[in-house]
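These are the residues of each chain, in order.
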Amino acid sequence: MYNFLEIIAKSRSIESLPSLKSIYKKVNKKITEGAYAQEELQAVDQAFQEGVTINIEDGTEVQLLSGIICAGHSFYEKKETFAYRIGENKYQCLTCHRTMRKYEEIEENIMFPLDWNLSDAVFFTSNTYPWKFAKIISDAKNVSELPTLPKLLNELREMELLNECIFDQEKKALESSWQEGITITIGDGTKVKLVFGKRCVLHRFNTPHIKYAYAIGDNEYLCGNCLSKGAEYPDMMALHPLVEEELLFPMDWTRSGIDLWLENVERRIDALSEVKRI
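Residues numbered from 1 in each chain as written. Predicted model: local features only at pLDDT ≥ 70, side-chain atom pairs only at ≥ 80, totals over all residues. Heavy atoms only, no water.

S.K.: So, the overall build of the chain: which residues are in play, and what are the values?
M.R.: A tally of helices and strands in the chain yields nine helices and 13 strands. A compact globule built from 278 residues would reach a C-alpha radius of gyration of about 19 Å, whereas the chain, at 27 Å, exceeds it by more than 25%. With the C-alpha coordinates aligned to their principal axes, the bounding extent of the chain is approximately 85 × 35 × 35 Å. Classification of the 278 residues of the chain by burial places 44% in the buried group. Looking at the chain alone, contacts between residues at least 24 apart form 44% of all its contacts between residues at least 6 apart. Just so you have it, the chain exposes about 15700 Å², and 49% of that area is on carbon and sulfur atoms. The averaged location of the 43 negative side-chain charges in the chain is 4 Å from the averaged location of its 33 positive side-chain charges. (Helix = DSSP H or I, 4+ residues; strand = E, 2+ residues; numbered from the N terminus. Rg over C-alpha atoms; globule rule 2.2 N^0.38 Å. Buried < 20%, exposed > 50% of the residue type's maximum accessible area, 1.4 Å probe, protein only. Contact = heavy atoms within 4.5 Å. Areas by Shrake-Rupley, 256 points an atom, 1.4 Å probe, with all protein chains shown as cover. Lys, Arg positive; Asp, Glu negative; His and termini not counted. Charge placed at Lys NZ, Arg CZ, Asp CG, Glu CD.)

S.K.: Hey, could you go over empty space enclosed by the protein for me, with residue numbers and the actual values?
M.R.: Under the defined criterion, the tally for this structure stands at one cavity of 30 Å³ or more. Each pocket or cavity is described by its volume, and for the largest cavity that value is around 50 Å³. Looking at the largest cavity, the residues that line it are Cys200, Leu202, Tyr221, Leu222, Cys223, Ser228, Lys229, Gly230, Leu248, Phe249 and Pro250. Of all the secondary structure elements, the ones that give two or more residues to the lining of the largest cavity are β11 (220–223), β12 (229–231) and β13 (246–250). (1 Å grid on protein atoms, 1.4 Å probe; cavity = no way out; pocket = protein on both sides within 12 Å on 5 of 7 lines; lining within 4 Å. Points joined across faces, edges and corners; volume = space filled by probe spheres on them.)

S.K.: Lay out the nonpolar core in plain terms, naming residues and giving numbers.
M.R.: Formed by 26 residues in total, the largest nonpolar core has its most connected members in Phe133, Ile137, Leu146, Leu156, Leu174, Trp178 and Tyr214. Take this core: its biggest share by element is five residues, from helix α6 (residues 149–161). Filtering out sequence-adjacent residues up to four positions away, Leu156 remains in contact with Lys132, Phe133, Ile136, Cys165, Phe167, Glu170 and Leu174. (Core = buried A, V, L, I, M, F, W, Y, C linked by side-chain atoms within 4.5 Å.)

S.K.: Explain the packing of aromatic side chains residue by residue, including any values.
M.R.: Under the counting rule described, the total for this entry stands at 11 aromatic pairs. Ring centres 5.7 Å apart and planes at 85 degrees place the aromatic pair Phe249 and Trp261 in the edge-to-face group. With a gap of 12 residues between them, Phe249 in strand β13 and Trp261 in helix α9 (residues 255–277) connect regions that are remote in the sequence. Classification of Phe249 as buried rests on a relative accessible area of 0%. With relative accessibility at 19%, the residue Trp261 sits in the buried group. Of the aromatic side chains, those joined through ring pairs into one cluster are Trp178, Phe196, Tyr212 and Tyr214. (Phe/Tyr/Trp six-rings, centres within 6.5 Å; stacked < 30°, edge-to-face > 60°.)

S.K.: Describe the sheet that holds β13, with residues and values.
M.R.: Sheets are built from strands paired through backbone hydrogen bonds, the pairs being either parallel or antiparallel. Here we have seven strands laid out as an open sheet, ordered β7-β8-β10-β11-β12-β13-β9, and mixed in their pairing. If you trace the sheet from one side to the other, it starts and ends with β7 (183–185) and β9 (198–200), each paired once. Across the sheet, the mean angle separating the axes of adjacent strands is 40 degrees when strand polarity is ignored. In terms of strand pairing, β11 meets β12 through two bridges, oriented antiparallel. Opposite Leu222, over in β12, you have Lys229 as the bridge partner. (Pairing = 2+ DSSP bridges. Axes fitted to C-alpha atoms, helices over the stretch in contact; angles between N-to-C directions.)

S.K.: Any chance you could break down the pattern of salt bridges for me, citing the residues and the numbers?
M.R.: Counted by the stated rule, this structure contains eight salt bridges. Here Glu232 makes a salt bridge to Lys198, at a shortest N to O gap of 3.1 Å. In this pair, Glu232 sits in the loop between β12 and α8 (234–238) while Lys198 sits in strand β9, placing the two residues 34 residues apart along the sequence. On the accessibility criterion, Glu232 (21% relative accessible area) is partly exposed. Assessed through its relative accessible area of 12%, Lys198 is described here as buried. Measuring nitrogen to oxygen at the nearest pair gives 3.1 Å for the salt bridge that ties Lys229 to Glu220. (Salt bridge = Lys/Arg side-chain N within 4 Å of Asp/Glu carboxyl O.)

S.K.: Talk me through the pairing of strand β4 (residues 90–93); I want residue IDs and the actual numbers.
M.R.: Across a regular strand the side chains alternate sides, sitting on one face of the sheet and then on the other. Alignment of strand β3 (residues 80–87) against β4, held across four bridges, turns out to be antiparallel. Opposite Ala83, over in β4, you have Cys93 as the bridge partner. As consecutive antiparallel partners, β3 and β4 are separated by two residues, and within that stretch Asn89 has a phi angle of approximately 50 degrees, a positive value. As defined by bridge partners, β4 adjoins strand β5 (residues 99–101) across two bridges and the pair is classed as antiparallel. Looking at the pairing, Gln92 lines up with Thr99 of β5. Linkage of β4 to β5, two consecutive antiparallel strands, is achieved through a turn of five residues, within which His97 is found at a positive phi near 65 degrees.

Right under this line is the structure:
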């Protein structure tokens, strides 16, 4: 039997179970005092790997677990941690100290916060992104059901009224995620990348969120404002050097139509330049 287990066994209830940091701290103190050998630190890891079971003071049986992912705090890395099994499908993370559960529908060794439903858990396994806006996107059954930016923001405002999110935090995360270019898996398994900086030519320059788009394939995009399918034409852009933006043109436009549109833009740019010189 490992000596450090007495530290856990002295817990009066599951609410007072020690964190991993606390266990290491107490073991180090015992080693300094000469009560434990130096090897007891390695014994901590070994006991959790073996799944040792002990009883704490109130009689609760507690099993030590390792190699489990906690969705409660590991949003981005899916990093493995240590946990206590404290009942039937009931776990306590030693890192964030939250009470968790598993879903038999999910094969991975992941525990989820009690307030997460199965849909939230499935979303985590596919995307590892905790924001509500990302969950709304992932709920789209296919690319034709992806939400526009105006619709997405309206849904977040409604959720804030129901105390289901904080709109300002969600909006900031949404904007940052588009700039970072995260990928979200939607209902039919399609991986959709959020793309910032490419403007759909169907909108005026001052249209809100004009440079937000979904990348759904190789040079295949959906405008974040109107969901029109578009593509880039770098060879055409090279013929019109005055136009410096990254532009998305509707896929039903002909090359001659794109060339004419770019020529008109260049004329306006030239005209503005002449006005500034006067």
